[in-house]
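Listed below are the residues making up each chain.
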Amino acid sequence: MYDFAIIGGGIVGLSTGMALAERYPDAKILLLEKENRFAPHQTGNNSGVIHSGIYYKPGSLKAKLCRTGCISMVEFCQKYGIDYDVCGKVIVATEPEELPLLENLYKRGLENGLELQKITAEQVKEVEPYVRCLAGIKVFSTGIVNYTQVSQKYAELIAQQGGKLQLSTKVENIKNTSDGSILETNKGEFQAKYLINCAGLYSDRITQLGGVKPEAKIVPFRGEYYELIPEKRYLVKTLIYPVPNPNFPFLGVHFTRMIDGSVHAGPNAVLSLKREGYKKTDFDLADTIDTLTYPGFWKLATKHAKDGIEEIIRSFSKAAFVHSLQRLIPEVQSEDLIPTHAGVRAQALKNDGKLVDDFLIVEGRNAMHVCNAPSPAATASLEIGKAIVEKVANRQQSTLKV
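Here the structure is a predicted model, which means the values were calculated and not measured. Each chain has its residues counted from 1, running along the sequence as written. It should be noted that, the model being predicted, local features are given only for residues of pLDDT at least 70 and side-chain atom pairs only at 80 or more, the latter also being counted only at that level, while totals for whole chains, interfaces and linings use all residues. Here the side-chain values reflect all heavy atoms present in the structure, with hydrogen atoms and water set aside.

### Some thoughts on the overall build of the protein
To be explicit about the condition: Helical segments are the DSSP runs of H or I of at least four residues, strand segments are the runs of E of at least two, and each set is numbered from the N terminus. Both definitions apply: the radius of gyration is a C-alpha atom measure, and the globule rule equals 2.2 Å times residues to the power 0.38. Burial classes: relative accessible area under 20% of the type maximum marks a residue as buried, over 50% as exposed, and values in between as partly exposed (1.4 Å probe, protein chains only). Contacts are residue-level and defined by heavy atoms, with any inter-residue pair within 4.5 Å sufficient. Under the convention used here, a 1.4 Å probe and the Shrake-Rupley method define accessible areas, while residue burial counts only the protein chains that appear. For the charge count, each Lys or Arg is scored as positive and each Asp or Glu as negative, with His and the chain ends excluded. A charged residue contributes its charge at one atom only: NZ of Lys, CZ of Arg, CG of Asp or CD of Glu.
Scanning the protein from terminus to terminus reveals eleven helices and 20 strands. Since a compact globule built from 402 residues should have a radius of gyration of about 21 Å, the 21 Å found for the protein is in line with a globular shape. Counting only C-alpha atoms, the protein reaches 65 × 45 × 35 Å along its principal axes. Split into buried and exposed, the 402 residues of the protein put 56% on the buried side. Long-range contacts, defined as pairs at least 24 residues apart, comprise 73% of the intrachain contacts of the protein with a sequence gap of at least 6. In the form shown here, the protein has an accessible surface area of approximately 17100 Å², with 52% of it arising from carbon and sulfur atoms. The averaged location of the 45 negative side-chain charges in the protein is 4 Å from the averaged location of its 48 positive side-chain charges.

### A word on the sheet that holds strand β3 (residues 49-50)
Rule in force here: The pairing criterion is simple: DSSP has to find at least two bridges between the two strands.
Spatially, β3-β8-β4 is the arrangement adopted by the three strands of the open sheet, whose pairing is antiparallel. Both outer strands of the open sheet, β3 and β4 (84-85), are each paired with one neighbouring strand and no more. Bridge analysis of β4 against strand β8 (residues 143-145) gives two bridges, and the strand direction is antiparallel. By the bridge assignment for β8, Tyr84 is matched with Val145.

### Considering the environment of Phe316
Here Phe316 lies in helix α9 (residues 305-316). Given a relative accessible area of 65%, Phe316 falls into the exposed group.

### Some words on the nonpolar core
To keep it simple, the criterion reads: Put simply, a nonpolar core is a bunch of buried Ala, Val, Leu, Ile, Met, Phe, Trp, Tyr and Cys residues held in one set by side-chain atoms that sit within 4.5 Å of each other.
One finds Val150, Tyr154, Ile196 and Ile388 to be the most contacted residues of the largest nonpolar core, which totals 45 residues. Looking at this core, the elements with two or more residues in it are β1 (2-7), α1 (11-23), β2 (29-32), α2 (61-80), α5 (147-160), β12 (188-197), β20 (367-372) and α11 (381-396). The element that contributes the greatest number of residues to this core is α1, accounting for seven residues. Sequence-distant contacts of Ile196, defined by excluding residues within four places in its chain, comprise Ala5, Ile6, Ile7, Thr16, Leu20, Met368, Ile388 and Val392. The next biggest cluster of nonpolar side chains, apart from the first, holds 23 residues, and it includes Val124, Val131, Val236 and Leu337.

### Concerning helix α10 (residues 318-326)
Worth spelling out the cut-off: The arc refers to the directions leading from the helix axis to the C-beta atoms.
Turning to α10, its buried residues are Phe321, Val322, Ser324 and Leu325. Projected down its long axis, α10 carries its buried residues within an arc of 155°, all on one side. In α10, the exposed positions angled more than 90 degrees off the buried face are occupied by Ala319 and His323.

### Some thoughts on the pattern of salt bridges
Rules: Should a side-chain nitrogen of Lys or Arg be within 4 Å of a carboxyl oxygen of Asp or Glu, the pair is scored as a salt bridge.
If you walk through the whole model with that rule in mind, you get 21 salt bridges. One salt bridge in this structure joins Lys193 and Asp3, with 3.2 Å as the shortest N-O distance. You can see Lys193 sitting in strand β12 and its partner Asp3 sitting in strand β1, a full 190 residues away along the chain. Residue Lys193 is classed as partly exposed on the basis of its relative accessible area, which comes to 30%. Asp3 gets classed as buried once you look at its relative accessible area, which sits at 8%. Note that Lys34 is salt-bridged to Glu276, the shortest N-O span being 2.8 Å.

### Notes on empty space enclosed by the protein
Under the convention used in this document: The definitions used throughout rest on a 1 Å grid laid over the protein atoms alone, on which a cavity is an enclosed set of points accommodating a 1.4 Å probe that cannot get out and a pocket is an open set flanked by protein within 12 Å on both sides along at least five of seven lines; lining residues are those having an atom within 4 Å of a point. Grid points are joined across faces, edges and corners, and a volume is the space filled by probe spheres set on the points.
Counted under the stated rule, the structure contains one cavity of 30 Å³ or more. The calculated volume of the largest cavity comes to roughly 30 Å³. Lining the largest cavity we find Ala21, Tyr24, Pro25, Ala27, Ile29, Ile158, Gln161, Gly162 and Gly163.

### Re the state of the cysteines
Selection criterion: Note on disulfides: each one is a pair of cysteine sulfur atoms within 2.5 Å.
The final tally for this structure, using the stated rule, is zero disulfides. Among the cysteines around Cys70, which has no disulfide bond, Cys66 carries the closest sulfur, lying 6.5 Å off. Left unpaired, Cys133 is separated from the closest cysteine sulfur, that of Cys87, by 17 Å.

### A word on the layout of surface pockets
Heads up, the condition is: All amino acids are sorted into three groups, where Ala, Val, Leu, Ile, Met, Phe, Trp, Tyr, Cys and Pro are nonpolar, Asp, Glu, Lys and Arg are charged, and the leftover types, Gly among them, are polar.
By volume, the second largest pocket is sized at about 600 Å³. Every residue lining the second largest pocket is counted, 23 residues in all, and those nearest its centre are Glu98, Asn245, Glu310, Arg314 and Arg327. Take the lining of the second largest pocket: its biggest share by element is five residues, from α9. Here the lining of the second largest pocket is built from residues that sort into ten nonpolar, four polar and nine charged.

### Focus: the domain arrangement of the protein
Quick reminder of the rule: Note that domain bounds follow an automatic or database assignment of domains. Throughout, buried area stands for the accessible area (probe radius 1.4 Å) lost by two parts on being put together, summed over both. N or O atoms closer than or at 3.5 Å make up a polar contact, with two conditions inside protein: a donor-capable atom paired with an acceptor-capable one, and, for residues adjacent in sequence, both atoms drawn from side chains.
Examined at the domain level, the protein breaks down into domain 1 (2-43 + 148-215 + 357-400), domain 2 (89-121 + 131-140) and domain 3 (216-355). Using C-alpha coordinates to define each centre, domain 2 is positioned 22 Å away from domain 3. Between domain 2 and domain 3, roughly 1100 Å² of surface is buried when both sides are summed, and carbon and sulfur atoms account for 62% of that area. The tally of links between domain 2 and domain 3 comes to one salt bridge. Of the charged contacts, one joins Glu98 and Arg327 as a salt bridge, the two residues approaching to 2.7 Å between their closest N and O atoms. Linking domain 2 with domain 3 are eight residue pairs in polar contact (both at pLDDT 80 or more), by the criterion used here. Put simply, the parts of the chain that give the side of domain 2 that touches domain 3 at least two residues each are β5 (89-93) and α3 (99-111). In terms of residues, the side of domain 2 that touches domain 3 owes the most to one element, β5, which gives five residues. A per-class count over the side of domain 2 that touches domain 3 returns eight nonpolar, one polar and four charged.

Here it is, written out as structure tokens:
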């Protein structure tokens, strides 16, 4: 019998395991990951940005945990010798109608306690010489890191504390008992007093297996990227973002210098017909039916039909993708870009068609379910883990004997 079992070996599951081991050093902790390595999905395919928290609604969990997580992530990398770079980024307006949106974003960033600077087009060129814009914001605290390396260090620290980490172990069913849960897996049964679900793209299904009706369904969106050829990396010094459309839930295609020196451009955002569908041809019948029979998806698709069509066009037309990038850097040409890996975002969507805007943690009996943790979850992972464990402690003070 384990005191705690965590389902999911992405960065949030691992950070939760680390926080549990720190809070309860004598507890028996088990972490199950269905793949043969840690953090292979959302964590391992993201852009590696240490986000500042500028985009998120003031007072929200995302805003608070991203702001503190940005600081703690840098401190963690410093402590354990993980390569990172607080390079900052620029967010730029390229059209007159974007200027009020840029101003609103600046005010939101100030509300979230960030160090920002409004800069002119000329000042943008001092930072990013090849950008064409009307004005911009300099965000000083944004950085870059390899989150797979961070996750590996989390796993090492859990193991050092005596936690058991089990790969290639898929949870197939959950039985609730009077004193916890029995996890039925492809590697046998495991019993735990308390369950924490950090299953990412499958978090809603694990929540259901645990006997809790999730407040939302996970709808997978694939983000496709191109990479600048090495000869053209000089076009991007740091990170370059457009002003996001406030009515569309994604940030728009942008340029990101990675910690290895490469420069990625993207992503678009298209519906994936498989929860782990990293290629256009990936298809899973059950996943597709799950999405297409969900009323919330059609309400979202209807509301954002124009934007959605543009994203699909960008997916199949390199010329359209390049055109979007040229709004930021006119010098970029089609031959400067080669396809690189895609990522899939687990986005929770409510039945009424509204995206779950914030991190969503749902409590069950002797269980905690992380039902929505998209970006900036990697940045905020240390703080999310602490927040989950604090919730567990508050609920279980009278019953946990660890």
